[in-house]
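# Observations on the model geometry
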Protein chains: 2
Amino acid sequence: MNGKFILGDCQISMYRNLSDRFSLLAWRTTPPEISWLMAQAIETPGLISLAAGFVDQESLPNEFAAKYMREMFERNRSGQSALQYGTTQGDLVLRQHLIERLAGEGVFHPAAEIDESHVLIGSGSQQILYLAAEAFLDENDIVLLEAPTYFVVLGVFKTRGARTIGIDTDAYGIVPKKVEEVLLQLKAQAKLGRVKMLYVMSYATNPMGITLAFERRRQLLEILQRFRDDGYPILLLEDAAYRRLCFEQPVMPPIKSFEADNDLVLYTESLSKSLSPGIRLGFGVGPKPIIDKMTDIKGNHDFGSANLSQQFLKRMLISREFDAHTEQLRQIYAQKRDAVLQILRETFPAEVEWLNPAGGFYCWITLPSSFDTGPHGAIFQQALKEKVLYVPGCLCYSADRPESRHSSSMRLAYGMIEVEQLQEGCKRLARALERSLSLTT
Amino acid sequence: MNGKFILGDCQISMYRNLSDRFSLLAWRTTPPEISWLMAQAIETPGLISLAAGFVDQESLPNEFAAKYMREMFERNRSGQSALQYGTTQGDLVLRQHLIERLAGEGVFHPAAEIDESHVLIGSGSQQILYLAAEAFLDENDIVLLEAPTYFVVLGVFKTRGARTIGIDTDAYGIVPKKVEEVLLQLKAQAKLGRVKMLYVMSYATNPMGITLAFERRRQLLEILQRFRDDGYPILLLEDAAYRRLCFEQPVMPPIKSFEADNDLVLYTESLSKSLSPGIRLGFGVGPKPIIDKMTDIKGNHDFGSANLSQQFLKRMLISREFDAHTEQLRQIYAQKRDAVLQILRETFPAEVEWLNPAGGFYCWITLPSSFDTGPHGAIFQQALKEKVLYVPGCLCYSADRPESRHSSSMRLAYGMIEVEQLQEGCKRLARALERSLSLTT
């Protein structure tokens, strides 16, 4: 790590490069495995990537955007105000509109009395996750999360020195009973004081594409409320990034909606999937002391997310086109999902199973448990030979889970790629699987 | 901090609220004192704030922006690409253009071989400072900086548990000899291994408005190079936020330009002052391992700054209008400075001194040392009575300096306010000073 030598009481330090002097956080920050996968993609001409979680390019609302940009810069006053600093917490009218919209969508408990002071605008919901990690996690703290989970967040928690515990997750989402069991175990080990957070995706999850069952939402919150009453409040970080991309609408209410006292759940949503990743905006809604603290931390980061993007988003959200646009997106992704599922049914070996995506653009595939889909395994190599790329399931598991070393699952992403390419990619993957499976049986 | 009780070997933890469970970083993050000042401003109707470091509103380039926004959204392809994800490090063509431009401006040593791989685009140069702090600073590490310095950065270093040491700074900038003395003292105390960073603003500083003398630039680098050769590489974080707003152009070369081997200096610049704070963009240029690590950390923050802003900035920077626009800004701020200096000369008591701003929009005022300009002192209260606000000098000093408790200086900002209001504000301040000074003599 660095060139420190301890000689008795005398400490001699010698460093050759500045990078020998990185912080602990820096040493814990590693390039995400996904960048290595992307590099593979770039180095293999003609490769079809079913790995990248990008959104559909053609559906990005260019005309809609052009119209509101024009409107914004038409007058000096509104144009200049978009080019000026905003506030760290985010544009007031934007926050007010978000609260109004979310309340109308049933995101909050009627008794919760949530207003614009409970919202923080972030540079994507990713930044909200990062700020929450900064606000709560010290070295050796514990975060509970789904197994499998959104892999980027595993990296974030790791950089803070936190320990992640993966909780059993099935086709109906994370299993509340397992959450409770793990918390009771930790209590027995006198480690409950270390548990700071439960991170849950509640809609069309990345990587499983499934939506948490209604009853489980209430159960999760009730468990955390019991532990809170017992003296151990734990943050429930509810990531609803894909809520607006669920194929069946209206969707069921989020975990947040069961909470009358707004004191445990930090609800986050992204505008990247439902509108544009390029504006880089998302938001968090939660208990005031948490939002206030995260706002102060964000002040040190960047004084607030791009005001230009926020002024633009405000116009887009208030417009009539926004809901029509997300409805259109749902249709586009549902069509892609149908195309993918059809080709999986037609071409994939009988031993392979998959979950039906409830929204978003991820499909979770499982092979018999004797197979290893990892980046150094035969299946991944065979897929590369066939010029197709997937995300190995092992990357989506917390280090405490055996699946983080040996996993027979994979994540396919159908967001960005056109239907024909998707079909071709799936066919290639089918050939790779067919070959790998037949070689070993 | 929280409700932990140690009973012999048995640790009992009881927390009532989630906010009892904040991380150390969160506890160290306090709202900047400046927000308290701003709150004062809002609560006092008719108050003129000479405290806020905002840019001139009227000069924000609305028409220029409208033109390039139109151009961008005119075609589906460029519009959609602005609305899509970018890369974490920042748009490639934007980075290439920045390097070309900076090289042409003499920012780099001819032998340094700096290219686009050495640049990271951030959400303002503030985010570059934050990422550098994350990349290097562990608890009890040491940062050297100017006394007085940019106060926001003091807060950032504090949240990382670092110790800041304020170095004597005069009208020609930070004093290299003092930097060397402090480093030698720390060496004698066997604490040199803890020194990670020297943070220096090299142009029209916040808060002093002065530009670091030519000879001192070379001296600072030479000192750090000697310590590097001795086994202690220290990052020189060069903040050139106000370089493009220096009144005399061309400006002298930055510290970065003296460095042939690109291994100690991380140069940062902001587009907030020279173009628009609302696009929230800045950048850092430095050693590749540092840029790579900061890019990985930024990946966890936000996957990269708003691509919409970057695509827009790229067009603005490459345009012919950009340099003409910054030239116009320099004239506007020079006029404001002249107006402020004239009114200071005409109305301020003879005991009061000030530095002539070399650019930007800050003017540093000093009273005789027996006076206290702090927020709880008589002068500040008198100013509030006169309905005028300034930034007390004490906020700009590192905690190790006596000036952080008792300072007789203040920062006036003339960026945002119109000339007439500026004059009126200065007159009010003159009355407050006159009254305070006569009361005590």
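Throughout, residues of each chain are indexed from 1 in the direction in which the sequence is written. Throughout, the order in which chains and ligands are written sets their labels, letters from A for the former and numbers from 1 for the latter. With the structure being a predicted model, the display of local features is reserved for residues of pLDDT at least 70 and the display and counting of side-chain atom pairs for 80 or more, all residues being used for whole-chain, interface and lining totals. Values reported for side chains reflect all heavy atoms of the structure, with hydrogen atoms and water molecules removed beforehand.

In this section: the overall build of chain A. Helix and strand assignments follow DSSP, with helices taken as H or I runs no shorter than four residues and strands as E runs no shorter than two, numbered in order from the N terminus. In terms of regular secondary structure, chain A is built from 14 helices and 16 strands. Relative to its length of 441 residues, chain A is compact, with a C-alpha radius of gyration of 23 Å against a globular reference of 22 Å. Counting only C-alpha atoms and orienting by the principal axes, one finds that chain A spans roughly 70 × 65 × 50 Å. Relative accessibility thresholds used throughout: buried, under 20% of the residue-type maximum; exposed, over 50%; partly exposed, between the two (1.4 Å probe, protein chains only). Across the 441 residues that make up chain A, the buried fraction comes to 65%. Long-range contacts, defined as pairs at least 24 residues apart, comprise 75% of the intrachain contacts of chain A with a sequence gap of at least 6. None of His or the chain ends enter the tally, which takes Lys and Arg as positive and Asp and Glu as negative. Where a charge lies is defined by one atom per residue type, namely NZ (Lys), CZ (Arg), CG (Asp) and CD (Glu). Treating the 48 positive side-chain charges of chain A as one cloud and the 53 negative ones as another, the clouds have centres 3 Å apart. Based on C-alpha atoms, the radius of gyration is set beside the globule rule, defined as 2.2 Å times the residue count to the power 0.38. Residue contacts are counted whenever heavy atoms from the two residues lie within 4.5 Å of one another.

All names here are of chain A. A strand pair is defined by DSSP finding two or more bridges across the two strands. Taken together, the four strands give an open sheet; going across it, the order is S12-S13-S16-S15, and neighbouring strands pair in antiparallel fashion. Either end of the sheet is taken by a strand with one partner, and the two such strands are strand S12 (353–354) and strand S15 (391–392). Two elements, S15 and strand S16 (residues 409–413), share two bridges in a ladder whose sense is antiparallel. Looking at the pairing, Val391 lines up with Arg411 of S16.

The salt bridge definition used is simple: a Lys or Arg side-chain nitrogen within 4 Å of an Asp or Glu carboxyl oxygen. Enumeration over the complete set of coordinates arrives at 64 salt bridges over all chains. Of the charged contacts in the structure, one is a salt bridge between Arg218 of chain A and Glu215 of chain A, with a shortest N-O distance of 2.7 Å. On the criterion of helical spacing, the pair formed by Arg218 of chain A and Glu215 of chain A is a turn pair, its members being three residues apart in helix H9 (residues 214–229). Exposure remark for Arg218 of chain A: the relative accessible area of 34% places this residue in the partly exposed category. When the shortest N-O distance is used, the salt bridge between Lys178 of chain B and Glu181 of chain B registers 3.9 Å. With Lys178 of chain B and Glu181 of chain B both in helix H8 (residues 176–188), this residue pair falls three residues apart, about one helical turn. Relative accessible area serves as the criterion here: at 32%, Lys178 of chain B is assigned to the partly exposed category.

With that settled, the discussion passes to the packing of aromatic side chains. Any pair of Phe, Tyr and Trp rings, taking the six-membered ring for Trp, is counted once the centres come within 6.5 Å. Such a pair is stacked with planes under 30 degrees apart, edge-to-face with planes over 60 apart, and tilted for the rest. Applying the stated criterion across every chain yields a total of 28 aromatic pairs over all chains. Taken together, a centroid distance of 5.1 Å and an interplanar angle of 50° make the contact between Tyr333 of chain B and Phe361 of chain B tilted. Note that Tyr333 of chain B is positioned in helix H12 (residues 321–347) and Phe361 of chain B in the loop between strand S12 (353–354) and strand S13 (362–366), a separation of 28 residues in sequence. Judged by relative accessible area, Tyr333 of chain B falls into the buried class, the value being 1%. An aromatic cluster is present here, built from Tyr242, Tyr333, Phe361 and Tyr362 of chain A joined pairwise through their rings. We call a charge positioned over a ring when the NZ of a Lys or the CZ of an Arg lies within 6 Å of the ring centre and within 35 degrees of the ring normal. The positively charged end of Arg21 of chain A is found above the aromatic ring belonging to Tyr15 of chain A, 4.4 Å away from the centroid.

At the junction of Asn206 of chain A and Pro207 of chain A, the peptide bond is cis and its omega measures out at 15° in the coordinates. Mapping Pro207 of chain A onto the fold places it in the loop between strand S8 (195–201) and H9. Look at the link from Gln249 of chain B to Pro250 of chain B: it is a cis peptide, with omega at -5°. Its location among the elements puts Pro250 of chain B in the loop between strand S9 (235–239) and strand S10 (265–270). A positive phi angle, close to 40°, is found at Ala204 of chain A, a residue other than glycine. For Ala204 of chain A, the location among the structural elements is in the loop between S8 and H9. Since its relative accessible area comes to 1%, Ala204 of chain A is described here as buried. Residues other than glycine seldom take positive phi values, yet Arg280 of chain B does so here, at roughly 55°.

So, about the pairing of S10 of chain B. Residue and element names in this part refer to chain B. Most of S10 sits inside the fold, with six of its six residues counted as buried. Every second residue of S10 is oriented toward a common face, with Val265, Tyr267 and Glu269 on one face and Leu266, Thr268 and Ser270 on the other, all of them buried. As judged from the four bridges shared by S9 and S10, these two strands associate in the parallel manner. Of the residues in S10, the one forming a bridge with Asp239 is Thr268.

Turning our attention to the interface of chain B and chain A. With 90 residues of chain B in contact, the opposing surface of chain A contributes 91 residues. What gets called buried area is simply the loss in accessible area from a 1.4 Å probe that two parts show on being joined, summed for both. Of the roughly 7500 Å² buried between chain B and chain A on both sides combined, carbon and sulfur atoms contribute 57%. Counting the surface chain B buries against chain A, the share from its top three residues, Leu18, Arg21 and Tyr85 of chain B, is 11%. At the junction of chain B with chain A, the criterion picks out zero salt bridges. Here a polar contact means two N or O atoms within 3.5 Å. Within protein one must be a hydrogen donor candidate and the other an acceptor candidate, and residues neighboring in sequence count only if both atoms are side-chain atoms. For the interface between chain B and chain A, the tally reads 53 residue pairs in polar contact (both at pLDDT 80 or more). Classification convention: Asp, Glu, Lys, Arg as charged; Ala, Val, Leu, Ile, Met, Phe, Trp, Tyr, Cys, Pro as nonpolar; all other residues, Gly among them, as polar. For the side of chain B that touches chain A, the residue count by class is 43 nonpolar, 30 polar and 17 charged.

Further remarks concern the relation of the copies chain B and chain A. Between chain B and chain A, which share one sequence, the superposing operator has a rotation angle of 180° and an axial displacement of 0.0 Å; the RMSD is 0.0 Å. The symmetry that links the two subunits is that of a two-fold axis. A high fraction, 100%, of the interface residues of chain B reappear at the interface in chain A, so the copies pair face to face through one surface. The atoms used to superpose the copies are C-alpha atoms, taken from residues with pLDDT of at least 70 in both, and the fit is least squares.

Now for the domain arrangement of chain A. Residues and elements named next belong to chain A. Split into domains, chain A comes out as domain 1 (31–59 + 324–440) and domain 2 (83–319). Throughout the structure description, domain borders are defined by an automatic or database domain assignment. A C-alpha centroid distance of 27 Å is found between domain 1 and domain 2. On the side of domain 2, 31 residues touch domain 1, which itself brings 30 residues to the contact. Taken over both partners, the interface formed by domain 1 and domain 2 buries close to 2500 Å², and the fraction arising from carbon and sulfur atoms is 66%.

Looking now at helix H5 (residues 92–104) of chain B. Residues and elements named next belong to chain B. Take the residue count of a helix, subtract one, and multiply by 1.5 Å to get its expected span. A rise of 1.5 Å per residue sets the reference length of H5, with its 13 residues, at 18 Å; its end C-alpha atoms lie 18 Å apart and thus fit the reference within 8%. Among all positions in H5, only Leu94, Arg95, His97, Leu98, Ile99, Arg101 and Leu102 are buried. Buried positions along H5 lie against strand S4 (119–122), S10, strand S11 (282–285), helix H11 (307–318) and H12. Near the N-terminus of H5, the side chain that reaches the backbone nitrogen of Val93, with its oxygen 3.2 Å away, is that of Asp91. Backbone geometry just after H5 places Gly106 at a positive phi near 75°.

Moving on, we come to a nonpolar patch on the surface. Within this analysis, patches are made of residues with over 30% relative accessible area and no salt bridge. Like charges are joined at 9 Å or less; nonpolar side chains (Val, Leu, Ile, Met, Phe, Trp, Tyr) at 5 Å or less. Accessibility throughout is a Shrake-Rupley quantity obtained with a 1.4 Å probe, and a residue counts as covered only by protein chains that appear here. On the surface, a cluster of nonpolar side chains totalling about 260 Å² of accessible area is made up of Leu92, Val93 and Ile318 of chain A. With respect to the helices and strands, the residue Ile318 of chain A is situated in helix H11 (residues 307–318).

Take the nonpolar core next. Put simply, buried Ala, Val, Leu, Ile, Met, Phe, Trp, Tyr and Cys residues joined by side-chain atoms within 4.5 Å make one nonpolar core. Grouped together as the largest cluster of nonpolar side chains are 306 residues, with contacts concentrated most on Leu144 of chain A together with Leu144 of chain B. Ignoring any residue separated from it by four or fewer positions in sequence, one finds Leu144 of chain B in contact with Ile165, Ile167, Val179, Val182, Leu183, Leu186, Val195, Met197, Leu198 and Tyr199 of chain B.

So, about the sheet that holds strand S10 (residues 265–270) of chain A. Residues and elements named next belong to chain A. Strand order in this open sheet of eight strands is S4-S11-S10-S9-S8-S5-S6-S7, and the pairing throughout is mixed. The two strands at the open ends of the sheet, each matched to only one other strand, are strand S4 (119–122) and strand S7 (173–174). As paired elements, strand S6 (residues 163–170) and S7 share two bridges and run antiparallel to each other. Each residue of the ladder has a partner; that of Thr169, found in S7, is Ile174. To obtain each axis, a line is fitted to C-alpha atoms, and for helices this fit is confined to the stretch in contact; angles are then taken between N-to-C directions over 0 to 180 degrees. In the packing of helix H8 (residues 176–188) onto the sheet, the strands contacted are strand S5 (142–147), S6, S7 and S8, and the crossing angle to S6 comes to about 150°.

Our focus in this paragraph is the confidence of the model for chain A. On a scale of 0 to 100, pLDDT captures the predictor's confidence in every residue. Averaged over chain A, the pLDDT score is 94; the fraction of residues at 70 or greater is 97%. This stretch, residues 1–11 of chain A, has a pLDDT under 50; its non-local contacts, to residues over four places away or in other chains, come to 18 contacts.

In this section: the side chain of Asp302 of chain B. Inspection of the secondary structure assignment puts Asp302 of chain B in helix H10 (residues 288–302). Residue classification places Asp302 of chain B among the buried residues on the basis of a relative accessible area of 0%. Separated by 3.0 Å, the side chains of Asp302 of chain B and Gln127 of chain B make a polar contact. Not counting the four nearest positions on each side in its chain, Asp302 of chain B is found in contact with Ser123, Gln126 and Arg280 of chain A together with Ser123 and Gln127 of chain B.

It is worth spelling out the state of the cysteines at this point. Working definition: a disulfide is two cysteine sulfur atoms within 2.5 Å of each other. Applying the stated criterion across every chain, the model contains zero disulfides over all chains. The thiol of Cys394 of chain A is unpaired, and the distance to the nearest cysteine sulfur, on Cys396 of chain A, comes to 7.9 Å. Look at Cys394 of chain A and you get buried, because its relative accessible area is 10%. Summary of cysteine pairing: Cys363 of chain B is not part of a disulfide, and the nearest cysteine sulfur, belonging to Cys426 of chain B, is at 8.0 Å.

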